[in-house]
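# An overview of the molecular structure
Residues per chain, in single letters:
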Number of protein chains: 2
Amino acid sequence: MKNSTVTIRDVALKAGVSVGTVSHVLNGSPRHVGASTRERVLSAAQTLQYRPNAIARSMVKRATATIGLVINELSNPLFMPVTEGVEAVLRKEGYGIVLASSNDMPSEIQAVETLRGRQVDGFIFMSLSTIYSVDHLLKLKEQGVPFVVINRSIDHPGINRILMDDYGAACRLTGHLLDQGHSNVATITGPRQLRRSAVNRYGGWLAGLRERHIEPCPDWIIGGDYTFEGGYQAVKRLLQLSHRPTALFVANESMAVGALKSLADAGVKVPHDIAVVTIGDPPFAAYTSPSLTTMALPVEEAGRVSARLLVDWLKDGPPEPAKDILLACTLKVRESCGAYLKNQT
Amino acid sequence: MKNSTVTIRDVALKAGVSVGTVSHVLNGSPRHVGASTRERVLSAAQTLQYRPNAIARSMVKRATATIGLVINELSNPLFMPVTEGVEAVLRKEGYGIVLASSNDMPSEIQAVETLRGRQVDGFIFMSLSTIYSVDHLLKLKEQGVPFVVINRSIDHPGINRILMDDYGAACRLTGHLLDQGHSNVATITGPRQLRRSAVNRYGGWLAGLRERHIEPCPDWIIGGDYTFEGGYQAVKRLLQLSHRPTALFVANESMAVGALKSLADAGVKVPHDIAVVTIGDPPFAAYTSPSLTTMALPVEEAGRVSARLLVDWLKDGPPEPAKDILLACTLKVRESCGAYLKNQT
DNA sequence: GTGAAAGCGCTAACAC
DNA sequence: GTGTTAGCGCTTTCAC
């Protein structure tokens, strides 16, 4: 970066004071400086267009006021709002974000190394997968590096984590279906080998049913993979069943969209012939045909909460005991569950 | 960050050499060092778990190997893939990303200042709006700060910019509609006062029509705002017209989804009663009912190209003359334009 | 082939 | 109230 060559020395020279003084007035340190001196320093800095070098500052303060945000699957639409939440509080607190994406374990480890080399003050890990080993995170913890994980299944005491209540959301959503008078509720699950959320959403569905003393029909558990096509194909399989359900809990939004299309292609009317609900509330959920009844995930909130937690840690020391925060989802009733239909008739 | 207190000195001490030597072997500098010395240094670094302090390094090299990515509207789904492209090439080249989001001019200016304070080596500006003044960018240019803009209407010589060919995309897409035998093509425009892309897409639609000597019907130019609801309402207005078009060019994907729903709600069959096409190809475009024929924007490519441009600049000096790159869109033919329908009959 | 030392721009003791 | 100075951890001349 060119031209950035105006240093604190230049300001000191121009103001006719020492660099120490300049540093003090510019940082509003407790030390008392004369009004006229302060004035001269300020105006010198102004006219020289002085811009403090944060790198040099970090050097001596041994802190960079930046945090590392490591994301896997940058392309996942869920991450934008999380990042937004993170960014909002971090910016307000004067912290910067250095971004790293990782597609697998090795690259995540690599990213952490790189970011530590860049001296980030802490980390936020934002991920979806549950298959990752967490050894490198435990190592971080052991070394006292501040970090918080979002949506990461890491069952180890003392890890600060933010989770979204997939289980509760699925349970309530299923309950909502039952409230509409359904009792034949099928599910399209996520990849339960890979994602903790898929396990929890399945578990929530089951619990929602059993809460009302309904035993799920094994045929009505269709395996999916969280993709559009997965949802499409799952419904195709479902429709081949002789005994069809009257309601369908789809484990995520992408599959729900695929399911809707599959249903439409097969001439099955939603919600008339079958009700559909899902977890995750993308902007377009209100504009599918029919619009989707969903449980909105607290994505932006997760971002804000994690950032807040980390910043507090950085300022006041680690939370004791470690936080384990479960964020609730919000029911968005639209057309696909048939609630409106029912109320009309 | 704790524990990070193993410095180059420690390595030097342990290896029984000078810090200069350590630096040389660790950076693979041209200087010759004895094989045994090198060996000792390497193993010392290894056993001490030495991690070079990038901040200190930046201090003396006067370069941080980071670039500032400034985005407005973090929530815009278009930006994820762009960021992905940027990240991919930057990581490969050893550069880091520091992220800044800005919602308006003042916050963008603020972000630039902050990032310059953090000594980023260059900038990528990713934005949508055309209403911003560009004075601060011109100032950057004047000061020799490397930067490239994506999708930003800044008509000033010497600015390196990446644009997506909205005009060409709209023109070709309209042509595609005409190829299907339509001649009554309406459009729902974007906010032409705010977005350059809206102007260009409108212009492309017009040009596509005139290329075939068709004069557009003024009634068939419906003003929209790039939102789902905007698309929904626009179609409502369109349907009140006595003389309806047989095809509809919607300026962006969100409005197209809104339009589809509006049409469905009104019982108008797509593509049978009216064909629909749009610009922008979100993942769900293939799973709407009917699936959307679109022009896919080269978003990830824009990210990659901009990053490559910037990195080359950082390494070899500014491109002469400045690059002005126009990226083409890709036609994705699906159901909503009626092409398949036509071929079947 | 290797070591010593001068900074990079800044903050924070410590003097006065 | 203000100035001086010793580093923060590293790279890179310049000696040897």
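Given the structure is predicted, the values throughout are model-derived calculations rather than measurements. (Residues numbered from 1 in each chain as written. Chains lettered and ligands numbered in written order. Predicted model: local features only at pLDDT ≥ 70, side-chain atom pairs only at ≥ 80, totals over all residues. Heavy atoms only, no water.)

## A few points about the protein's contact with DNA strand C
Test applied: Note on definitions. A residue lies near a molecule or strand when any single heavy atom of the residue is within 4 Å of it. Two N or O atoms form a polar contact when they lie within 3.5 Å of each other; inside protein one atom must be a possible hydrogen donor and the other a possible acceptor, and for residues adjacent in sequence the pair counts only when both atoms belong to side chains. The helix count covers DSSP runs of H or I at least four residues long, the strand count covers runs of E at least two residues long, and both are numbered beginning at the N terminus.
If you check the shell around DNA strand C, you find 27 residues, and the closest are Ile 8 and Tyr 50 of chain A together with Arg 31, Thr 37 and Arg 62 of chain B. Backbone atoms, meaning sugar and phosphate, form 66% of the atoms of DNA strand C found within 4 Å of the protein. Asn 27 of chain A has a polar side-chain atom sitting 3.1 Å from a phosphate oxygen of DNA strand C. Arg 31 of chain B places a side-chain nitrogen or oxygen 2.3 Å from a base oxygen of DNA strand C. Contributions of two or more residues to the surface near DNA strand C are made by α2 (19-26) and α4 (54-61) of chain A together with α2 (19-26) and α4 (54-61) of chain B. Ranked by the residues each element gives to the surface near DNA strand C, the list is headed by α4 of chain A, at five residues.

## With respect to the domain arrangement of chain A
Just so we agree on the cut-off: An automatic or database domain assignment supplies the residue ranges for each domain.
As assigned here, chain A comprises domain 1 (8-52), domain 2 (62-165 + 299-328) and domain 3 (166-297 + 332-344). Taking the mean C-alpha position of each, domain 1 of chain A and domain 3 of chain A sit 64 Å from one another.

## A few points about the packing of α2 of chain A against helix α3 (residues 35-48) of chain A
Residues and elements named next belong to chain A. Worth spelling out the cut-off: In this analysis an axis means a line fitted to C-alpha atoms, helices contributing only their contacting stretch, and an angle means the value between N-to-C directions, from 0 to 180 degrees. These descriptions rest on fixed angle ranges, namely under 35 degrees for roughly parallel, over 145 for roughly antiparallel, 65 to 115 for roughly perpendicular, and the rest for oblique. Two residues qualify as a contact provided that any one of their heavy atoms is within 4.5 Å of a heavy atom in the partner residue. Any residue that is not Ala, Val, Leu, Ile, Met, Phe, Trp, Tyr, Cys, Pro, Asp, Glu, Lys or Arg is counted as polar, Gly included; the first ten are nonpolar and the last four charged.
Contact pair α2 / α3: the axes reach a minimum separation of 10 Å and the direction vectors enclose 85°. With respect to α3, the axis of α2 lies roughly perpendicular. Of α3, the residues touching α2 (which contributes Thr 21, Val 22, Val 25 and Leu 26) are Thr 37, Arg 38, Val 41 and Leu 42. For the contact of α2 with α3, the per-class residue count stands at five nonpolar, two polar and one charged.

## Comments concerning the pattern of salt bridges
All names here are of chain A. For clarity, the cut-off: The term salt bridge refers to a pairing of a side-chain nitrogen on Lys or Arg with a carboxyl oxygen on Asp or Glu at a separation within 4 Å. Burial classes follow relative accessibility: with a 1.4 Å probe on protein chains only, a residue under 20% of its type's maximum area counts as buried, one over 50% as exposed, and anything between as partly exposed.
In the structure shown here, the tally under the stated rule is 34 salt bridges over all chains. Of the charged contacts in the structure, one is a salt bridge between Glu 93 and Lys 315, with a shortest N-O distance of 2.5 Å. Residue Glu 93 is found in the loop between α5 (79-92) and β2 (96-102), and its partner Lys 315 is found in helix α12 (residues 299-316); the two are separated by 222 residues along the sequence. Overall, Lys 315 belongs to the partly exposed group, its relative accessible area being 46%.

## Description of a nonpolar patch on the surface
How we decide: Each patch groups residues whose relative accessible area exceeds 30% and which form no salt bridge, using 9 Å between like charges and 5 Å between nonpolar side chains of Val, Leu, Ile, Met, Phe, Trp and Tyr. Each accessible area value is a Shrake-Rupley result obtained with a 1.4 Å probe; residue values ignore everything except the protein chains displayed when judging cover.
Residues Met 59 and Val 60 of chain A together with Met 59 and Val 60 of chain B make up a contiguous nonpolar surface patch of roughly 360 Å² in combined accessible area. Residue placement: Met 59 of chain A occurs in helix α4.

## Some thoughts on empty space enclosed by the protein
For clarity, the threshold we go by: Whether a set of points on the 1 Å grid over the protein atoms alone is a cavity depends on a 1.4 Å probe fitting there but being unable to get out, while an open set qualifies as a pocket with protein on both sides within 12 Å along at least five of seven lines; lining residues are those with an atom within 4 Å of a point. Grid points are joined across faces, edges and corners, and a volume is the space filled by probe spheres set on the points.
Under the counting rule described, the total for this entry stands at five cavities of 30 Å³ or more. Here the largest cavity defines a volume of roughly 230 Å³. As for the largest cavity, its lining consists of 14 residues, and the residues nearest its centre are Ile 55, Thr 66 and Arg 118 of chain A together with Ile 55 and Arg 118 of chain B. Broken down by class, the residue content of the lining of the largest cavity amounts to six nonpolar, six polar and two charged. Quantified by volume, the second largest cavity comes out at close to 170 Å³. Looking at the second largest cavity, it is lined by 14 residues, and the ones nearest its centre are Thr 288 and Ser 289 of chain A together with Tyr 287, Thr 288 and Ser 289 of chain B.

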